[in-house]
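Reading the structure
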Amino acid sequence: MTTENMNEETAARRPALVELDDVSKYYGNVRALEGVSLEVHAGHITCVLGDNGAGKSTLIKIIAGRHRHDGGALRIEGEETRLASPREALDRGIATVYQDLAVVPLMPVWRNFFLGSEPRKGFGPFKHLDVEHMRRTTHAELLRMGIDLRDVDQPIGTLSGGERQCVAIARAVHFGAKVLVLDEPTAALGVKQSGVVLKYVAAARDAGLGVVFITHNPHHAYLVGDRFVLLKRGTMSGSHTRDGITLDELTRQMAGGSELEDLRHELENRAG
């Protein structure tokens, strides 16, 4: 048995970093999620795909501690739990990077990197921000992720959307995240910037994090994903490993599959 196979078997025996088992969520009489299951393992990327209204946002909120699930089980490293807040999720190693990044555009990159967790030096009334440490650390951590940003003093608002996403990913890695949840990180980006972000998503996986990549783009998902969970109207319409589905089939299922075929026949009949 090869070392790689032994490592895969060892990983398989460990409990998932995050596991959703038959999870459901209701808002009054409205079903937002029902019977959704997935696992997030260290060093793997789980892609969750679905169109608007599929339940992706609700899934994020449950994993991120913003909303509690109503049915099923949420387990973190094998321990069943109900997260009470985003702070509790963060304390348990779950970092969520939302599409509308929570950054202060006019503040420098290093200040945004440490926003809310600024180290200080000195004593008593003489305590002040350790600016040099934050500058050095920000540059080093970005470089470690492969982001060579020459000037961390520039306002983060001057960076491209892809670069800002990469700073957020590097920040999560630095502050000890075990699980990184990414909310449509490439949705508003062009091809080149999307490629940059996907490279750093893969870098986070290679750093040993478990990644949940939420997207409506099967091409982006297939470039980096190890497992694909498809949502449709709040329920699971599929769950596949990378070696169990082709990009064409993933795209077909994502686009509606048989429903699109029925629509095509209907349009052809009308045209005839």
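Reference entry: report on the structure contained in this document. In this text the structure is predicted, and so the values were computed from the model without any measurement. Residue indices follow the written sequence of each chain, beginning from 1 at its first position. Owing to the predicted nature of the model, reporting of local features is limited to residues with pLDDT of at least 70; listing and counting of side-chain atom pairs is limited to 80 or more, with chain, interface and lining totals taken over all residues. Calculated side-chain values reflect all of the structure's heavy atoms, with hydrogen atoms and water omitted.

Overview of the pattern of salt bridges
Salt bridge, as applied in this entry: a Lys or Arg side-chain nitrogen positioned within 4 Å of an Asp or Glu carboxyl oxygen. Going through the model one piece at a time under the given rule, you end up with 14 salt bridges. Note that Glu79 is salt-bridged to Arg92, the shortest N-O span being 3.4 Å. With a gap of 13 residues between them, Glu79 in strand 5 (residues 79–81) and Arg92 in the loop between helix 3 (86–91) and strand 6 (94–97) connect regions that are remote in the sequence. A run of DSSP states H or I qualifies as a helix once it reaches four residues; a run of E qualifies as a strand once it reaches two. Both are numbered from the N-terminal end.

Overview of the sheet that holds strand 5
If you walk across this open sheet you meet the four strands as 2-1-4-5, and the pairing is antiparallel. At either margin of the open sheet sits one strand with a lone partner, and together these are strand 2 (30–40) and strand 5. For this sheet, the mean angle separating the axes of adjacent strands, direction not counted, is 30 degrees. Where strand 4 (residues 71–76) lies against strand 5, three bridges are found, and the strand directions are antiparallel. Within strand 5, the position partnered with Ile76 by the bridge is Glu79. One requirement defines pairing of two strands: DSSP has to find at least two bridges between them. Here the axes come from fitting lines to C-alpha atoms, over the contacting stretch only for helices, and the angles between their N-to-C directions go from 0 to 180 degrees.

A few points about the pairing of strand 4
Of the pairings in the sheet, the one linking strand 1 (residues 18–27) to strand 4 comprises five bridges and is antiparallel in character. Across the sheet, the residue bridging to Ser24 is Gly71, located in strand 4. Here strand 4 hands over to strand 5 after two residues, with Glu77 in that stretch at a positive phi of 50 degrees.

Description of the packing of helix 5 (residues 131–144) against helix 6 (residues 161–174)
Two numbers describe how helix 5 lies on helix 6: the axes approach to 9 Å, and their chain directions differ by 100 degrees. Judged by the angle between their axes, helix 5 and helix 6 are roughly perpendicular. On the side of helix 5, the interface is formed by Thr137, Glu141, Leu142 and Arg144, while helix 6 contributes Val167, Ala170, Val173 and His174. Amino acids outside the nonpolar list (Ala, Val, Leu, Ile, Met, Phe, Trp, Tyr, Cys, Pro) and the charged list (Asp, Glu, Lys, Arg) are all regarded as polar, and Gly is one of them. Class assignment of the residues belonging to the contact of helix 5 with helix 6 gives a composition of four nonpolar, two polar and two charged. Any angle that falls under 35 degrees is termed roughly parallel, while one over 145 is termed roughly antiparallel, one within 65 to 115 roughly perpendicular, and all others oblique. For this analysis, residues touch if any pair of their heavy atoms sits within 4.5 Å.

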